[in-house]
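Spelled out from the first residue to the last, the chains are:
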Amino acid sequence: MQYMLLIHTDEAAMRESLARAQGAAPQMMGAYRAYTDAMKKAGVFVAGDALQPSATATVVRVRDGKTQVLDGPYAEAKEQLGGYYLIEAPDLDVALEWAARCPGAEWGTMEVRPVMVFAPAAASA
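Residues numbered from 1 in each chain as written. Predicted model: local features only at pLDDT ≥ 70, side-chain atom pairs only at ≥ 80, totals over all residues. Heavy atoms only, no water.

1. Focus: the environment of A105
Right, so step 1: Looking at where A105 falls in the secondary structure, it is placed in helix α4 (residues 104-107).
Right, so step 2: With relative accessibility at 31%, the residue A105 sits in the partly exposed group.
Right, so step 3: The sequence separation of A105 and Q27 amounts to 78 residues, and the corresponding C-alpha distance is 15 Å. (Helix = DSSP H or I, 4+ residues; strand = E, 2+ residues; numbered from the N terminus. Buried < 20%, exposed > 50% of the residue type's maximum accessible area, 1.4 Å probe, protein only.)

2. Some thoughts on the side chain of T36
Right, so step 1: Structurally, T36 is set in helix α2 (residues 24-42).
Right, so step 2: Reaching out from T36, the side chain makes a polar contact with the side chain of Y85 at a distance of 2.7 Å.
Right, so step 3: Not counting residues up to four positions away in its chain, the partners in contact with T36 are F45 and Y85. (Polar contact = N/O pair within 3.5 Å; in protein donor to acceptor, adjacent residues only side chain to side chain. Contact = heavy atoms within 4.5 Å.)

3. Side note on the side chain of H8
Right, so step 1: Within the secondary structure, H8 sits in strand β1 (residues 2-9).
Right, so step 2: A polar atom in the side chain of H8 sits 2.9 Å from the side chain of E111.
Right, so step 3: Ignoring anything within four residues of it in the chain, the contact list for H8 reads E79, Q80, L81, G108, T109 and E111.

4. Looking at unusual backbone geometry
Right, so step 1: You will see that D64, though not glycine, has its phi angle at about 55°, which is positive.
Right, so step 2: Assignment of secondary structure puts D64 in the loop between β3 (58-63) and β4 (66-71).
Right, so step 3: For D64, a relative accessible area of 82% translates into the label exposed.

5. Examining the sheet that holds strand β2 (residues 45-50)
Right, so step 1: Overall, antiparallel pairing links the four strands, which are arranged β2-β5-β1-β6 in an open sheet. A strand with exactly one partner marks an edge of an open sheet, and here the two such strands are β2 and β6 (109-114). With strand direction ignored, the average angle separating the axes of adjacent strands in the sheet is 20°.
Right, so step 2: Note: β1 against β6, six bridges, orientation antiparallel. Bridge pairing in β6 links L5 to V112.
Right, so step 3: Here α2 sits on the sheet and contacts β1, β2 and β5 (80-88); the angle it forms with β5, its principal contact strand, is near 20°. (Pairing = 2+ DSSP bridges. Axes fitted to C-alpha atoms, helices over the stretch in contact; angles between N-to-C directions.)

6. Focus on the packing of aromatic side chains
Right, so step 1: Throughout the structure, instances matching the rule amount to four aromatic pairs.
Right, so step 2: Relative to Y85, the ring of Y35 lies with its centre 5.1 Å away and its plane at 85°, an arrangement referred to as edge-to-face. In this pair, Y35 sits in helix α2 while Y85 sits in strand β5, placing the two residues 50 residues apart along the sequence. Take Y35 and Y85: they sit in the same class, and that class is buried.
Right, so step 3: Feature note: the residues Y35, F45, Y85 and W98 constitute an aromatic cluster, connected by ring pairs.
Right, so step 4: The positively charged end of K40 is found above the aromatic ring belonging to F45, 5.1 Å away from the centroid. (Phe/Tyr/Trp six-rings, centres within 6.5 Å; stacked < 30°, edge-to-face > 60°. Lys NZ or Arg CZ within 6 Å of the ring centre and 35° of its normal.)

7. Re the confidence of the model for the protein chain
Right, so step 1: Chain-level pLDDT for the protein chain is 90 on average; 94% of the residues reach the 70-or-more range.
Right, so step 2: Summarising per-element confidence for the protein chain, the mean pLDDT is lowest in helix α1 (residues 11-20) (83) and highest in helix α3 (residues 92-101) (98). (pLDDT = per-residue confidence, 0-100.)

Shown next as structure tokens:
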């Protein structure tokens, strides 16, 4: 079963924290590299990446057949989606264990969601 581990963090607080603590950014990146390496060694890693800040987001929606394109994040929220991991785990408990080990869990919130799998369409005869 695949699970998305979504890393939510307060971007403004993170920037302030990194600016105050000298050497914090390389330390944080090292923690993420070690976490990713551990996932790869355990065979659960499928994919993962950090995202650019939410201010770089573009929102697309269609209303009444008309496409609207908006710059910046759609919703004002205390925490923003900062990155993700896609993992393969036997069950939710294992996925939750990996989420708790993520460095992002220490200063943000981890959201764990099972990936919905659709059966392929049957080929027509």
